[in-house]
Every structure is written in C-alpha cells, then in structure tokens.
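# Overview (structure and organization)
What follows is the residue order along each chain.
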Amino acid sequence: MGWTVYIILFNFTKNSILSNFLAATLISLLSEILARKMKFPAIIFVIPGILPLISGLGLYNTMLSLVEGSYSNAISIGTDALFVSASIAMGVLLITSLVKTYYIAIAKIHHKKLQLQKLIK
C-alpha cells in the first residue's frame, strides 16, 4: 500500500519528499489500525511497510560520489536522501503521536467520569 501511494503521488507531484511523507503516514495509520484489531504492537506492521520506501540507491550514490571525489554531487544526492529519510520518520512520528495523544485524552476523560460518578454516589 505504501509503495503504491508513493508511486502514484510521485507521478503527480515529482516530489519524492512529500510522496514519502504521505506514504509513511498511510503506512503508520494502517499499522495503528491493524495493531488495535490484531492486538499486536504497531511497530510489527510499520517496519515492513516502510522498508520499501527507504532510499538505498540514494545512499549508495552518495557514497559512490564521495569515493569518486565528486563532492558537490555527493552533497546534493546525500541531502536528498537525508530529507527523504526524515520525511519517512516524520510521517510515522505524526501518526504515532496523534494516536498516543488520542488514547491519553480518552483515558483522562474516562478517569474524570469515574471521579464524577464517585462524587455523585
């Protein structure tokens, strides 16, 4: 699913950073849903989902350019690979943070309801 979203978005936007971010966001969201449904940690679903998005070719080309002495090319490719990696991490972080915040808020609301019920009795 993530790779499909990445390919479709990249064909429309030609922006690998945005495409990776949105694909990682989708993967993370689906992982959180599956984690709740199957009662497993979400990381079990996130890792296999984001592995195809990781830019191995970008990292390889960065090292190749460094070895060949083409430092400006290495900086260009390396920066792009770094931003792609950061966008994947940010996509996962965004959804994970939102889900954790949601469950903390639900727990606080539940706790307040219990306190009110104790006060009423």
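All of the points below concern the structure found in this document. (Residues numbered from 1 in each chain as written. Predicted model: local features only at pLDDT ≥ 70, side-chain atom pairs only at ≥ 80, totals over all residues. Heavy atoms only, no water.)

With the rule as written, the count across this model stands at one salt bridge. For Glu32, the salt bridge is made with Arg36, and the minimal N-O distance between the two is 3.3 Å. With a gap of four residues between them, Glu32 and Arg36 both fall in helix H2 (residues 16-38), about one helical turn apart. When its relative accessible area of 9% is taken as the criterion, Glu32 is described as buried. Judged by its relative accessible area of 39%, Arg36 falls in the partly exposed class. (Salt bridge = Lys/Arg side-chain N within 4 Å of Asp/Glu carboxyl O. Helix = DSSP H or I, 4+ residues; strand = E, 2+ residues; numbered from the N terminus. Buried < 20%, exposed > 50% of the residue type's maximum accessible area, 1.4 Å probe, protein only.)

Below, the discussion takes up the environment of Thr13. Structurally, the position occupied by Thr13 is in helix H1 (residues 2-13). Taking the C-alpha atoms as reference points, Thr13 and Met38, separated by 25 residues in sequence, lie 35 Å from one another. The residues contacting Thr13, other than those within four sequence positions of it, are Leu18 and Ser19. Here the side chain of Thr13 touches Ser19 through a polar contact of 3.5 Å, side chain to side chain. (Contact = heavy atoms within 4.5 Å. Polar contact = N/O pair within 3.5 Å; in protein donor to acceptor, adjacent residues only side chain to side chain.)

Spatial relationships are all this shows, so hold off on functional conclusions.
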